[in-house]
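Descriptive structure summary
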Amino acid sequence: LQLASNGVAQFSIVTKVNPAPEVLNAALTLQQKLQQMTGATFPLTTSSSGSAQIAIGVRDDFDRTSVWRFGGVYFGDPQDPLRGEDYAISTHAAGICLAASSVKGISHAVWDLLYQAGYRHFFPGQAWEIVPFNANLSVQHSRLERPSYHDRKLFFGFGAWPDLLAPWSTWQTRNRMGAGLPVVTGDVSV
């Protein structure tokens, strides 16, 4: 699927009307990074069907008979704490679908697609962010992803310095760290 050709966007990014804040943020992030990667401007629009373009949203955002049906299987229950981060990336004749079981997984879908297109963020901080340029960007994906671990964290023994909290949080998001089912363990002093 050709997303950009000679620096010209071939598709718009589509969300449902009035999407959840997490979905809108993910769509804006995708728009910004695709522009950096291709030099193309990807318009952000809304639709009720999401059947064409770069559709991005959660399980019930669009008509189930169009883009959210992935390989004949619907996503699991978004209320299930073990399924909330499930997401799908699927190219089709009319565009690409980035769908998640719930808002917990939508940013994972965006960062996974960008990773497949060559984006990397190796360590916290701007110096470790790699944004490749390709004016003729194409992708092909068709898969359903589910984290192998329901709580994925790296942390410092006594926390990060205050001025490093924002870069640390950004790095974790871009590398799909998080917790669909947060588990709190550690020493408890009495």
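Higher on the page you've got the structure.
This is a predicted model, so every value here is computed, not measured. (Residues numbered from 1 in each chain as written. Predicted model: local features only at pLDDT ≥ 70, side-chain atom pairs only at ≥ 80, totals over all residues. Heavy atoms only, no water.)

**A word on the overall build of the chain**
When its secondary structure is counted, the chain shows three helices and twelve strands. Here the chain, with 190 residues, has 40% of them falling under the buried criterion. When the accessible surface of the chain is split by element, carbon and sulfur atoms take 54% of a total near 10,300 Å². (Helix = DSSP H or I, 4+ residues; strand = E, 2+ residues; numbered from the N terminus. Buried < 20%, exposed > 50% of the residue type's maximum accessible area, 1.4 Å probe, protein only. Areas by Shrake-Rupley, 256 points an atom, 1.4 Å probe, with all protein chains shown as cover.)

**Concerning the packing of aromatic side chains**
Following the criterion strictly, the structure yields two aromatic pairs and no others. Residues W111 and Y119 carry aromatic rings whose centres are separated by 5.2 Å and whose planes lie at 45° to one another, so their mutual orientation is tilted. For the pair W111 and Y119, one class covers both residues: buried. Here the aromatic rings of F123 and W128 are separated by 4.8 Å at their centres, their planes lie at 80°, and the arrangement is edge-to-face. Residue classification places F123 among the partly exposed residues on the basis of a relative accessible area of 47%. R120 extends its terminal NZ or CZ atom over the ring of Y115, reaching a point 3.6 Å from the ring centre. (Phe/Tyr/Trp six-rings, centres within 6.5 Å; stacked < 30°, edge-to-face > 60°. Lys NZ or Arg CZ within 6 Å of the ring centre and 35° of its normal.)

**What about the environment of A100?**
Tracing the chain through its elements places A100 in strand β7 (residues 95–100). Judged by relative accessible area, A100 falls into the buried class, the value being 0%. Separated by 44 residues in the primary sequence, A100 and L144 place their C-alpha atoms 9.3 Å from one another.

**A look at the nonpolar core**
Within the largest apolar cluster, 30 residues are counted, with the highest numbers of intra-cluster contacts made by L34 and I54. Going through the elements one at a time, α1 (21–38), β5 (53–58), β6 (87–92), β7 and α2 (103–116) are the ones with two or more residues in this core. The contact partners of I54, leaving out residues within four places of it in the chain, are L3, F11, S12, I13, V14, L30, L34, F42, I96 and L98. (Core = buried A, V, L, I, M, F, W, Y, C linked by side-chain atoms within 4.5 Å. Contact = heavy atoms within 4.5 Å.)

**Observations concerning the environment of Q53**
Relative to the helices and strands, Q53 resides in strand β5. Sequence-distant contacts of Q53, defined by excluding residues within four places in its chain, comprise Q10, F11, S12, V14, A94, G95 and I96. Side-chain polar atoms of Q53 contact the backbone nitrogen of S12, separated by 2.8 Å. (Polar contact = N/O pair within 3.5 Å; in protein donor to acceptor, adjacent residues only side chain to side chain.)

**Description of unusual backbone geometry**
For N6, which is not glycine, the phi torsion reads 50° and is therefore positive. For N6, a relative accessible area of 63% corresponds to the exposed category. Positive phi is not limited to glycine here, since N18 has a value of about 55°. Topologically, N18 is positioned in the loop between β3 (13–15) and α1.

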